[in-house]
Structure formats: structure tokens, C-alpha cells
Amino acid sequence: MKLFTNKKKLQNEIKGKKNIIFVPTMGSLHKGHESLIKKSIKKSNVTIVSIFVNPKQFNSKKDFNSYPRNHNKDLKLLSKLKVNYVYKPNYNDIFNFKTNNKIFLDKFSKRLCGKHRKGHFKGVVEVVNRMLEIIKPKHILLGNKDFQQLVLIKRHIRKNKIQTKVISCKTIRDKNFIAYSSRLKKLKKLEKKNLIRIIKVLKKYKKDIQSGNSVFNFTNIKKKVLHFGAKRVDYIEPINLKNLKTEKRNKFNLFFAFHIGNIRFIDNF
Ligand code: PAF
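Please read all numbers here as calculations on a predicted model, not as lab measurements. (Residues numbered from 1 in each chain as written. Predicted model: local features only at pLDDT ≥ 70, side-chain atom pairs only at ≥ 80, totals over all residues. Heavy atoms only, no water.)

### Quick word on the overall build of the chain
(1) Moving on: Within the chain, the secondary structure is distributed over ten helices and nine strands.
(2) Moving on: Taken against the 2.2 N^0.38 rule, which gives 18 Å for 269 residues, the C-alpha radius of gyration of the chain at 19 Å falls within 12% of a compact globule.
(3) Moving on: For the chain, the spread of C-alpha atoms along the principal axes amounts to about 60 × 40 × 35 Å.
(4) Moving on: Burial status across the chain gives 54% buried among its 269 residues.
(5) Moving on: Within the chain, counting contacts between residues at least 6 apart in sequence, those at least 24 apart form 72% of the total. (Helix = DSSP H or I, 4+ residues; strand = E, 2+ residues; numbered from the N terminus. Rg over C-alpha atoms; globule rule 2.2 N^0.38 Å. Buried < 20%, exposed > 50% of the residue type's maximum accessible area, 1.4 Å probe, protein only. Contact = heavy atoms within 4.5 Å.)

Okay, structure coming up:
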């Protein structure tokens, strides 16, 4: 495994290499990342993983500063997994050049997390756009847990005719159906217990709606989620994955974001 902090040196190293697969991360790696990386290594002999906690996608300095960072442990894991290259730049290395592309933010960015995290998706698309320009990978792997991010990156890529294909990857969950997430490390024991109960409630709610035993009602389900220990609910919305419209009957995923302990948890299933 080779570690690069400088984009020019990385570009020199990968010049001419085909079939590069890129896995962007903000570090604090978990089983979800591990699954993306293993998939990449299986598909290609050039896997590049980036570690960069991107300040532009955080709404507050406090949230940025307290984002879990565990870079030495991350590097050990990446080396164990036999990743070819790690790109771990500083802010200037990513943001000190003029990009070829105009940032395209599809209107889907205004919904769900977009309503509650001003500027977040613009920050995400900006950083990914720059990484793609530096690395020019054939594929980028992104997880379905952050489905809205995945759709917006896909649409930016399509609009700008960037020659990278997005591969969406299934969400990796623990035995309690909790999706792995870097922020989970910050939960206390009781908060984790409450999270497990909330996810159980949401899963049953979806099942009840789909079997016709219940009708989606935001106020009711929000009340339940708060009752089981969430501090605040940003949204719970049933959305059709194909047309991205609200769909209260058959084929939908329940998208949600709520605050628990000191974290904001999002997922969809
Ligand atoms: O999903 C993430 O960890 C980040 O949003 C990403 C894609 C690495 C961009 O900073």
C-alpha cells in the first residue's frame, strides 16, 4: 500500500493505469467501508481509497471538529486489506486548483437532508468532483445508506459528462439491523439500546404499511421515535427509489434522519 498526501505525486504514480476504482471516505472506517473496499479489490487491481474529512460538507464547526478521526487505525486496516493507494490530502491539495466542471445540484438536493443541512450536498458534490478530476477513476463506489448523496453525485457526473461510473453498494448492517456509520462510535450504551429499539419500530412500521395494516402518518411515527429516545426527528419519509417521489403504499424505502445522543443518524430501508 502506498500513501499519498500530494495529488501530483499520486497522479504521477497512477498515470496510464486503467480500471481504477475509487472509494472516497472521511476515515473512521467501519464494516460498511470495508465491504466497499473488498468489492473494489475483487473487481480491479487498482483501488484508491481517500481519507479526507471535508469541512465544506459540515454545517457547523463544532460538528466538523468532533467528527470521529482515527487515521492511524484506518491506515492499518487499509494496509491489511491490501489497498493499492491511499490518498490522504490536506485542504489545500484538494481545493487549490481550478476545476473543469460546474457543480450541478439536482433539485433532489432540496429534500430530506437538504432541508435540514444547508450547504451539505454542495460541499459533498464539490469535494467528490475534485477527487474525480484528480484521480479519473473508471468507477466510484458509494453506499446506499447515503442514498441522496449517491443520487446527487450520479446526476452531477451525468450532467458534466464525467467518465466515471457510479456503482451503488448495499448497506451493511449489524445483527440488530443498524447500518454501520462512523458517528455511531460516539453513542453511549443506553443511546445505542434506544437506537436499536427505534430501528425496530421503523422496520415494523414499514412492514405494516406495505401489508396494508397501517397508513403512513408522519406525526404518529415521529411521536413513536421520540418516545423511544430520539431527541429530535428531522424527517421520516417513504420514497419510491425509481422516481424519487413520496409513495405511501407499495414500493418505497423509508428514509429518515433523527438526533440521538450527540449524533444525527440517517438511513433508509
Ligand atoms: O460519504 C462520505 O463519507 C462523504 O460524504 C464523501 C463521499 C467521502 C465525501 O466527503
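More follows now that the structure is in view.
### Section: the site of the ligand
(1) Moving on: Looking at the ligand, the residues that line it are Pro24, Thr25, Met26, Gln57, Val127, Asp146 and Gln149.
(2) Moving on: Between the ligand and the protein, one listed contact pairs an oxygen atom with a side-chain N or O atom of glutamine 57 at 2.6 Å.
(3) Moving on: Here an oxygen atom of the ligand and a side-chain polar atom of glutamine 149 are 2.7 Å apart.
(4) Moving on: Relative to its unbound accessible area of 290 Å², the ligand is 87% covered by the protein chains.
(5) Moving on: When grouped by side-chain class, the residues that make up the shell around the ligand number three nonpolar, three polar and one charged. (Near = heavy atom within 4 Å. Polar contact = N/O pair within 3.5 Å; in protein donor to acceptor, adjacent residues only side chain to side chain. Areas by Shrake-Rupley, 256 points an atom, 1.4 Å probe, with all protein chains shown as cover. Nonpolar A, V, L, I, M, F, W, Y, C, P; charged D, E, K, R; others polar.)

### Things to note about the nonpolar core
(1) Moving on: Counting 27 residues, the largest nonpolar core has Leu10, Ile48, Tyr87, Ile94, Ile135 and Ile140 as the members making the most contacts within it.
(2) Moving on: Put simply, the parts of the chain that give this core at least two residues each are helix H1 (7-14), strand S2 (20-25), strand S3 (46-51), strand S4 (85-87), helix H5 (91-95), helix H7 (120-135), strand S5 (139-143) and helix H8 (147-159).
(3) Moving on: For this core, the leading source of residues is H7, giving seven residues.
(4) Moving on: Ignoring sequence-local partners within four residues, the contact set of leucine 10 consists of Phe4, Ile48, Tyr85, Tyr87 and Ile135.
(5) Moving on: Listed in part, the 24 residues of the second largest apolar core include Leu195, Ile198, Phe258 and Phe265. (Core = buried A, V, L, I, M, F, W, Y, C linked by side-chain atoms within 4.5 Å.)

### Here's the deal with H1
(1) Moving on: The set of residues buried in H1 consists of Lys7, Leu10 and Ile14. Projected down its long axis, H1 shows its buried positions confined to an angular sector of 60°, all on one face. Opposite the buried face of H1, by more than 90 degrees, sit the exposed residues Lys8, Lys9 and Asn12.
(2) Moving on: In this fold, the buried residues of H1 make contact with strand S1 (2-4), S2, S3, S4, H5 and H7.
(3) Moving on: A side-chain oxygen of the first residue of H1 lies 2.9 Å from the backbone nitrogen of lysine 8; this N-cap is asparagine 6. (Arc of directions from axis to C-beta.)

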